[in-house]
Amino acid sequence: WRFPYITGKYGGAAFVLVYLLFLVIMGLVFWLTFGVIGAALQGLMEDGIAAIIASADAGLKAFGTNDVVRSLAVDGVLTGVGSVLTFLPIIVVLFLFLSILEDSGYMARVAFVMDKVLRRFGLSGRSFVPMLVGFGCTVPAIMSTRTLPSEHDRKMTVMLTPFMSCSAKLPVYGLLCGAFFPQATVPAMVSLYLIGIAVGCIAALVLNRTAFKGDPVPFIMELPNYRLPSVKTTVMLAWDKAKDFITKAFTIIFAATVVIWFLQTFDIRFNVVADQSQSLLAGLGSIIAPALTPLGFGDWRASTALVTGLIAKESVISTLTVLLGATSPAALSTMFSPFTAYVFLVFTLLYPPCVAAIGAVKSELGARYAVAVFAFQVTVAWIVAFVVHSAGILLGLA
């Protein structure tokens, strides 16, 4: 494969062709993963988990189990863990495709071509693949950084990957953009992806001049020959990622789900609440709300939705549904205006994806970096959302 070495008259055209070919291949991978194969398997997994939850709920009712205990088992453990487990088929399918590309020798060439671009931001070409995977799911993206040979590159990539908008945020984008920007839903959603990429580039420049000073390691590699990927190697790589996802991120989700269930169910006197506004979770949301007031959405319900969104971004929708009674445009308009809804989306885009992603950071780099990534993302999300809100006020959009 000679394109990277072509110079002269056809050099520029060859590079353009390389980038276009890569976009087509990765678009096909993501379409098959998130739109066809992975989505179909995820649907089957969701149906199976829903059937298990329904059976467990019916069994506990028939057995006469206490309602609080049944709620913990069904609404807390099974529902919370099950919602994360539904992502397993997507992770397996995605890594099967990426393993095929890696084993065939193609991804080594992609890293080589992207090295010149990423080096301007303090990264090497190898960082491109984890960040690309981050648009699908942050957890496997962070886990895939273990293949990077340099600690500098690995830590930088882990810090920046969560800014890439993962697929779990799409339902939130779709809900609010559809409700408040029905005539411009697609442009509004595309703008969020562009903001995430722009913020990631700025953060890379800042980190490369502060916490991670220095240049990335020289990118020297021998390009392997193209070959047919090994079935055994491909399956083993995919299984390794799936096993890591289950044993590491899965356990953190389990614990966090139980905590959220507890906060939603009890008040400060540990009585079961009939109204969500009296729960410990609402109290926590009320504590956080003042920090979000300068962003235009200081309602405790919005802050509570952001807290539960740390479990999984889809929880933002389910929380708003519970607290508002519905997620229709009329119901959402009681809490957001079109402008504050967009600022809310910007914050949702940039603050930590989920506790599973932070758990993956802890597994890869340790607790100190997990705390650093969490704090860094919350700070950046607040600053960018504040800038967007302030700009909107100046332009008369608020």
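Calculation notes
Residues numbered from 1 in each chain as written. Predicted model: local features only at pLDDT ≥ 70, side-chain atom pairs only at ≥ 80, totals over all residues. Heavy atoms only, no water. Helix = DSSP H or I, 4+ residues; strand = E, 2+ residues; numbered from the N terminus. Buried < 20%, exposed > 50% of the residue type's maximum accessible area, 1.4 Å probe, protein only. Contact = heavy atoms within 4.5 Å. Areas by Shrake-Rupley, 256 points an atom, 1.4 Å probe, with all protein chains shown as cover. Phe/Tyr/Trp six-rings, centres within 6.5 Å; stacked < 30°, edge-to-face > 60°. Salt bridge = Lys/Arg side-chain N within 4 Å of Asp/Glu carboxyl O. Core = buried A, V, L, I, M, F, W, Y, C linked by side-chain atoms within 4.5 Å. Polar contact = N/O pair within 3.5 Å; in protein donor to acceptor, adjacent residues only side chain to side chain. Patch = residues over 30% accessible without salt bridge, like charges linked within 9 Å, V, L, I, M, F, W, Y side chains within 5 Å. pLDDT = per-residue confidence, 0-100.

Asker: Run through the overall build of the chain, naming residues and quoting values.
Answerer: Looking only at helices and strands, the chain features 17 helices and 0 strands. A buried classification covers 49% of the 398 residues belonging to the chain. Long-range pairs, those at least 24 residues apart, make up 72% of the contacts in the chain with a sequence separation of at least 6. Counting only carbon and sulfur atoms, one obtains 70% of the accessible surface of the chain, whose full area is about 18,400 Å².

Asker: Before we move on, can you summarise the packing of aromatic side chains with the specific residues and values?
Answerer: Counted under the stated rule, the structure contains 11 aromatic pairs. A centroid spacing of 5.8 Å and a plane angle of 75 degrees characterise the contact between Phe163 and Phe376, whose relative ring orientation is edge-to-face. Here the residue Phe163 occupies a position in the loop between α7 (151-160) and α8 (170-180), and Phe376 occupies one in helix α17 (residues 367-394), the gap between them amounting to 213 residues.

Asker: A description of the environment of Ile383 should follow, citing residues and the corresponding values.
Answerer: Relative to the elements of secondary structure, Ile383 occurs in helix α17. Residue class for Ile383 comes out partly exposed when judged on its relative accessible area of 45%. Sequence separation of Ile383 and Leu295 is 88 residues, and the distance between their C-alpha atoms is 9.2 Å.

Asker: Quick one: what's the story with the pattern of salt bridges, residue by residue and with numbers?
Answerer: The full count for this structure, using the stated rule, is 4 salt bridges. The residue Arg70 makes a salt bridge to Asp57 at a minimum N-O spacing of 2.9 Å. Remark: Asp57 occurs in helix α1 (residues 11-63) and Arg70 occurs in helix α2 (residues 67-85); sequence separation between them is 13 residues. Arg70 sits in the buried class, given a relative accessible area of 18%. By relative accessible area, Asp57 is classed as buried at 19%. For Arg301, the salt bridge is made with Asp299, and the minimal N-O distance between the two is 2.8 Å. What makes Arg301 buried here is its relative accessible area of 18%. Via salt bridges that share partners, Asp57, Asp67 and Arg70 belong to a single interconnected network.

Asker: Tell me about unusual backbone geometry, residues and numbers included.
Answerer: Of note, the phi angle at Phe270 is positive, near 65 degrees, even though the residue is not glycine. By the secondary structure assignment, Phe270 is in the loop between α10 (231-265) and α11 (280-292). Residue class for Phe270 comes out exposed when judged on its relative accessible area of 54%.

Asker: Give me the nonpolar core: which residues, what numbers.
Answerer: Residues Leu160, Phe297, Phe336 and Phe347 are the most contacted members of the largest nonpolar core, which totals 84 residues. Top contributing element to this core by residue count: helix α15 (residues 338-350), with 10 residues. Leaving out residues up to four positions away in the same chain, Phe347 has contacts with Leu292, Leu295, Phe297, Leu306, Val378, Ala381, Trp382 and Ala385. Grouped together as the second largest cluster of nonpolar side chains are 5 residues, Ile260, Leu281, Val307 and Ile311 included.

Asker: Outline the environment of Val343, listing residues and values.
Answerer: The residue Val343 is located in helix α15 in this model. Counting along the chain gives 39 residues from Val343 to Trp382, while the straight-line C-alpha distance between them is 9.9 Å. Not counting chain neighbours up to four residues away, the residues in contact with Val343 comprise Leu295, Phe297, Ala385, Val388 and His389.

Asker: Describe the side chain of Ser104, and please don't skip the residues or the numbers.
Answerer: Along the chain, Ser104 falls in helix α3 (residues 88-104). Within the structure, the side chain of Ser104 is placed 2.8 Å from the backbone oxygen of Leu101, a separation counted as a polar contact.

Asker: Talk me through a nonpolar patch on the surface; I want residue IDs and the actual numbers.
Answerer: The grouping of Leu28, Trp31, Val36, Ile37, Leu41 and Leu44 at the surface amounts to a nonpolar patch, some 560 Å² of accessible area in total. Relative to the helices and strands, Ile37 is located in helix α1. Owing to a relative accessible area of 36%, Ile37 belongs among the partly exposed residues under this scheme.

Asker: Break down the confidence of the model for the chain for me, citing the residues and quoting the values.
Answerer: For the chain, the average pLDDT comes to 79, and 85% of its residues sit at 70 or higher. Considering each helix and strand of the chain separately, the mean pLDDT is smallest for helix α4 (residues 106-118), with a value of 71, and largest for α15, with 93. A low-confidence stretch, residues 1-11 stays under pLDDT 50, and its non-local contacts, those more than four residues away or across chains, total 15 contacts.

Asker: Account for α7, with residues named and values stated.
Answerer: Burial within α7 is extensive, with 8 of its 10 residues counted as buried. Residues of α7 that are buried include every one of His152, Asp153, Arg154, Met156, Thr157, Val158, Met159 and Leu160, and no others. In this structure, the buried side of α7 is in contact with α5 (128-133), α6 (138-143), α9 (185-209), α16 (355-365) and α17.

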